[in-house]
Amino acid sequence: MKRTKTIIVTVRIPNADIERVREVERTHAHLQAQVKEALKKRGCISRRSLYQGTEILDIDEWESEQGLRAFLQEMGPVIRELAAARGIGTPSGTIWRVY
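To keep things clear, this report deals only with the structure shown in the data block. (Residues numbered from 1 in each chain as written. Predicted model: local features only at pLDDT ≥ 70, side-chain atom pairs only at ≥ 80, totals over all residues. Heavy atoms only, no water.)

## Some details on the sheet that holds strand E2 (residues 44-52)
And then number 1: A sheet is described by the order of its strands in space; here four strands give the open sequence E2-E3-E1-E4, paired in antiparallel fashion. Of all the strands in the sheet, the pair left with one neighbour each is E2 and strand E4 (92-97). Direction aside, the axes of adjacent strands within the sheet are offset by 15 degrees on average.
And then number 2: Sheet topology places E2 next to strand E3 (residues 55-62); eight bridges connect them, and they run antiparallel. (Pairing = 2+ DSSP bridges. Helix = DSSP H or I, 4+ residues; strand = E, 2+ residues; numbered from the N terminus. Axes fitted to C-alpha atoms, helices over the stretch in contact; angles between N-to-C directions.)

## Some remarks on the nonpolar core
And then number 1: Judged by nonpolar contacts, the single largest core of 14 residues is most densely connected at Val 35, Leu 39, Trp 62, Phe 71, Met 75, Val 78 and Leu 82.
And then number 2: Mapped by element, the contributors of at least two residues to this core are strand E1 (7-13), helix H2 (29-42) and helix H3 (65-86).
And then number 3: The element best represented in this core is H3, accounting for five residues.
And then number 4: Setting aside anything within four residues of it in sequence, one finds Val 78 in contact with Leu 31, Gln 34 and Val 35.
And then number 5: Residues Ile 18, Val 21, Ile 56 and Ile 88 belong to the second largest nonpolar core, which totals six residues. (Core = buried A, V, L, I, M, F, W, Y, C linked by side-chain atoms within 4.5 Å. Buried < 20%, exposed > 50% of the residue type's maximum accessible area, 1.4 Å probe, protein only. Contact = heavy atoms within 4.5 Å.)

## Focus: the side chain of Thr 10
And then number 1: You can see Thr 10 is positioned in strand E1.
And then number 2: One polar contact links Thr 10 to Trp 96, side chain to side chain, over a distance of 2.9 Å.
And then number 3: With residues near it in sequence (within four places) discarded, Thr 10 still touches Leu 57, Asp 58, Ile 59, Ser 92, Gly 93, Thr 94 and Trp 96. (Polar contact = N/O pair within 3.5 Å; in protein donor to acceptor, adjacent residues only side chain to side chain.)

## Structural notes on the packing of helix H1 (residues 18-27) against H3
And then number 1: Put simply, H1 and H3 touch, their axes get as near as 9 Å, and they point 130 degrees apart. Here H3 runs oblique to H1, going by the angle between their axes. For the crossing formed where H1 meets H3, the hand is right-handed. The residues of H3 that touch H1, namely those facing Arg 20, Val 21, Val 24 and Glu 25, are Leu 82, Ala 84, Ala 85 and Arg 86. (Parallel < 35°, antiparallel > 145°, perpendicular 65-115°, else oblique. Left-handed = near helix turned anticlockwise from the far one by under 90°.)

From the geometry alone we can't say anything about function, so treat these as descriptive.
Next comes the structure, spelled out in C-alpha cells:
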C-alpha cells in the first residue's frame, strides 16, 4: 500500500516588526480565526511561527499539496489583508517534500 507523504512549507517574511505583527493579530482576531479554521479544514497538520530580529519564518506541515493550494486560493484575500496591516515585506515560500 502506498503511503501518502506530507509536505512541509516554509515561508520567510523579511522586514517584519514583531510587535506590529502581534498587535495586528490582536486587532484582527476575526481574520486570524478565519485563517485558523481554513488551515484545519484544508489539512494543515501543524503550524509554527518563528522570528529573529526582523525576519519571520512560518513552518507548516500539510497532508497534501492540494490542501495547501486550496487553502491559498480560499484565503488569499485574507492573507493579503493581514500582510498589508502588518506592513511586512514580500514573503517567499518553499514547498519541501518528505522522503
